Structure formats: structure tokens, C-alpha cells
Amino acid sequence: MALLKRDDLIKIIETCQIKGQDEAIIRALMYINLGYPIMLYGPPGNGKTTIAEHILRYISGGDNYHRIEATEGMTEYHTIGGFHPLSMSGNPELSKQFVYKDGVITRALVESKNLLIDEFTRAPTTAYSGLFMLLSTGKLPLEYREEILMRPNDWVLIVTANLGDEGTFKMSAALKRRFIPIFVGYTSRYTEEKIIRMYTPDLDPMIANSILDFAEETRRLWQEDKALPQGLSTDGVIKMARYCDLSISEGLDPKTAFTDAAMHQGVVIADETDYVSLQTVNELALKIASRL
Ligand SMILES: Nc1ncnc2c1ncn2[C@@H]1O[C@H](COP(=O)(O)OP(=O)(O)OP(=O)(O)O)[C@@H](O)[C@H]1O
Ligand SMILES: [Mg+2]
């Protein structure tokens, strides 16, 4: 029987804080119903983590699921388990001893809890050998316990990733194939206009439009001209709108408020080690501000 029915899909979409990503969410839910692990991927700040948390909270009945944020130093110790020194106890006798500590994937299986691995590609593939085995065979052998853990029925695994970002590891093709990749990209201008109105109902529409122009143009510079490493995210749009709204209400003139906000977010999306990249966003900010 399917884990999620049609009504569940509608409820998940309707209650999601992330707007304009319905297609990605529906696709993810359909694959979850088929029992596949999901990888939400795409440029930063467009709602991947929030969507994953929202789906898992719905399916798990609250925060009743496990999660881990992958890091560069993550190993099988964190995912599957390993020996942990008791040296932190302060007791000199105990400090020579070790206990075995389960990793997050093992704990999720033992407790039959769903799992989120956020920023999946920030950890090297070596951290995921056990996971690879589990996804390939449905079993996780734990040698130290002489036990084989089985993948629970209806177990939901969602991972998120910024593929190709700085500081990420390349996944092996074999590991990647174990997931269904679902792209969470930039949402439409129409949706972002509604989001701005939701967060800042009193913001002058001229400023809102300038923010949307800035977002659109940075995305074009990223996608077509490869002049920026990424475009402005929806998160960036919200931050610009909130900053403009606050600073204008405190007396700053709208043109300066917009220019400031665009330059702040410009640093976020530009390559901060590259003068040309920073110059590109600054010039764009000034060009759009000159129309105000
Ligand atoms: N389409 C959207 N509708 C409403 N809010 C959004 C949308 N996209 C992003 N946000 C807001 O932006 C913030 C960042 O979202 P989130 O952290 O889920 O993005 P992410 O894709 O996981 O980013 P990263 O790649 O940096 O981890 C959230 O607070 C979220 O509310
Ligand atoms: Mg995230």
C-alpha cells in the first residue's frame, strides 16, 4: 500500500513554507511512495532543506526522524558507528576504555526512524560505504555486533546536495544511482512576487520589481554567461525585501536601500576572491538602481 495518498500530497503541498516548488515536491513524494531514496539538489537557498524537513515531519508525525548534516570530516564512524573513547568522563580508569557508538544510519535502522542527510556531498564517498551496501542490498551488516540490520519497510531517506559547489565531493556514479535526483531550482518571478508581498506587504512595488529584476539578471549571468558562480536565491530575494522594507521605514531613501541590499547579496552570490565577479554584481546593482 502506498505510504502517501492523494490527500496527503495535497496537504504536504498546501502546508509547505516553500512556495512555487510544487512540481519538485510532487515528484519527490511519488518516488517516496515507490520506496526510493530521494536526493534534492540544486543551487543554494531555494528551499531544499526546508522541503526535506517538511516532508519528513509529515511522514514521521513530527520531529520523530533522525538527521545529520554531512561535513568534510565525516566518516563511517558518524554514519555507521565506531569505538569512542571514554576519556571525556574525567575518570582515569574509564579513560582507557572505549565504548561502541552507533552512527546515525544505524540508529535510524535500529529505531525504525526516517532519515535526512543534509548537505550529503560535503562528506566524501568513503563515509557512505555502509549506506551504499544498505541501498544496494537492503541490509546493513554490523560486524562488531554479528548482526545484520534490515532496511525497515516504508523507510524514508532524503538527502540534499549542492552539486558542483565549492567544498563538495564528487559522488561515485554507483552511489548516485541509488538515489532519485530531484532538482529544486529557482522558482518563477510570479511566485517570488507573491513571496515578497507575503514577507513585506508594505514594500513599494517599484522596489519589489527591482529586486526581482536583480534576481533574474544574476540568474541569467550565472546560467548563460557563466559570469557568476550562482544566481540570487529565493532566500536572497526575501532578505533584500526585508532589508529594504525596514531601512525605508526608518527613513533611508529607496534607491540607497535597494543599492545597499543588492550589494550585500551580491557579495553572497559572487566569487568573493575574484574582483571581476564582485564588480559584475556591483555594476548590475547600480544599473538597476539608476532606474529608480
Ligand atoms: N520558494 C520559496 N518559498 C518560500 N521561502 C523560500 C523559498 N525558497 C527559499 N525560501 C526561504 O529561504 C530559506 C532557505 O531555505 P533552505 O535552507 O531550505 O534552502 P536550501 O536549498 O537548503 O539552501 P542551502 O543549499 O544553502 O542549504 C528558508 O528560510 C526558506 O523559507
Ligand atoms: Mg540546505
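Here, every reference points to the structure presented above.
Note that the structure is predicted; figures quoted are calculated from it, not measured. (Residues numbered from 1 in each chain as written. Chains lettered and ligands numbered in written order. Predicted model: local features only at pLDDT ≥ 70, side-chain atom pairs only at ≥ 80, totals over all residues.)

## Structural notes on the overall build of the chain
A count of helical and extended segments in the chain gives 12 helices and 9 strands. For the chain, the spread of C-alpha atoms along the three principal axes comes to 70 × 50 × 35 Å. Nonlocal contacts in the chain, meaning residues at least 24 apart in sequence, comprise 72% of its contacts between residues at least 6 apart. (Helix = DSSP H or I, 4+ residues; strand = E, 2+ residues; numbered from the N terminus. Contact = placed C-beta atoms within 7 Å.)

## Comments concerning the site of ligand 1
In the vicinity of ligand 1, 19 residues are found, and the nearest of them are K48, T49, T50, T234 and D235. Looking at the shell around ligand 1, the elements that each hand over two or more residues are α3 (48–60) and α10 (234–249). Here the shell around ligand 1 is composed, by residue class, of 4 nonpolar, 12 polar and 3 charged. (Near = placed C-beta within 6 Å. Nonpolar A, V, L, I, M, F, W, Y, C, P; charged D, E, K, R; others polar.)

## Thoughts on the packing of helix α8 (residues 189–199) against helix α9 (residues 205–223)
At a minimum axis separation of 10 Å, α8 and α9 run at an interaxial angle of 140 degrees. By the angle between their directions, the pair α8 and α9 is classed as oblique. Pair α8 / α9 crosses with right-handed handedness. Of the residues in α9, those in contact with R189, E192, E193 and I196 of α8 are A208, I211, L212, A215 and E216. (Axes fitted to C-alpha atoms, helices over the stretch in contact; angles between N-to-C directions. Parallel < 35°, antiparallel > 145°, perpendicular 65-115°, else oblique. Left-handed = near helix turned anticlockwise from the far one by under 90°.)

## Some words on the nonpolar core
In terms of nonpolar packing, the biggest core is built from 42 residues, with A28, I38, M39, L40, I55, I158 and V159 touching the most fellow members. Contributing elements (two or more residues each) for this core: α2 (22–33), β1 (38–41), α3, α5 (104–110), β5 (115–118), α6 (129–137) and β8 (157–161). At 5 residues, α2 tops the list of elements feeding residues into this core. Once residues lying within four places of it in the same chain are set aside, the contact partners of I158 are I38, L40, A52, I55, L56 and L116. (Core = buried A, V, L, I, M, F, W, Y, C linked by C-beta atoms within 7 Å. Buried ≥ 20, exposed ≤ 12 C-beta atoms within 10 Å, placed from the backbone.)

## Points about unusual backbone geometry
Most peptide bonds are trans, and most residues other than glycine sit at a negative phi. Residues other than glycine seldom take positive phi values, yet E119 does so here, at roughly 55 degrees. Mapped onto the fold, E119 is located in the loop between β5 and α6. At D154, a position not held by glycine, the phi torsion is positive, near 60 degrees. Within the secondary structure layout, D154 lies in the loop between β7 (147–150) and β8.

## So, the pairing of β8
Buried residues dominate β8, accounting for 5 of its 5 residues. Residues L157, V159 and A161 line one face of β8 and the alternating positions I158 and T160 line the opposite face, and both faces are buried. Sheet topology places β1 next to β8; 4 bridges connect them, and they run parallel. Opposite L40, over in β8, you have T160 as the bridge partner. Pairing analysis gives 3 bridges linking β5 to β8, with the strands arranged parallel. Bridging from a neighbouring strand, L115 pairs with L157 of β8. (Pairing = 2+ DSSP bridges.)

## As for the environment of E193
Note that E193 resides in helix α8. With 160 residues separating them in the primary sequence, E193 and N33 have C-alpha atoms 33 Å apart. Setting aside anything within four residues of it in sequence, one finds E193 in contact with A208 and L212.

## A look at the sheet that holds β8
Strand order across the open sheet formed by 5 strands is β2-β5-β8-β1-β9, with parallel pairing between neighbours. Looking at strand neighbours, the two that pair on one side only are β2 (66–69) and β9 (180–183), the edges of this open sheet. Averaged over all adjacent pairs, the angle separating strand axes in this sheet is 20 degrees, with direction ignored. Contacts between α3 and the sheet are confined to β1, β5 and β8, with β8 contributing the most and set at about 170 degrees to the helix.

## A look at the environment of L203
Along the chain, L203 falls in the loop between α8 and α9. Placed 51 residues apart in sequence, L203 and P254 show a C-alpha to C-alpha distance of 10.0 Å. Ignoring sequence-local partners within four residues, the contact set of L203 consists of I196, A208, A241, C244 and D245.

## Notes on helix α12 (residues 275–289)
For α12, with 15 residues, the first-to-last C-alpha span of 21 Å sits near the 21 Å given by 1.5 Å per residue. Among all positions of α12, only T280, V281, L284, A285 and A289 are buried. Around the axis of α12, the buried residues are gathered within 160 degrees of arc, so they sit on the same side. In α12, the exposed positions that point more than 90 degrees away from the buried face belong to Y275, V276, Q279, E283 and L286. The secondary structure elements touched by the buried residues of α12 are α9 and α11 (254–269). (Expected span 1.5 Å × (residues − 1). Arc of directions from axis to C-beta.)

On their own, these measurements won't tell you what the molecule is for.
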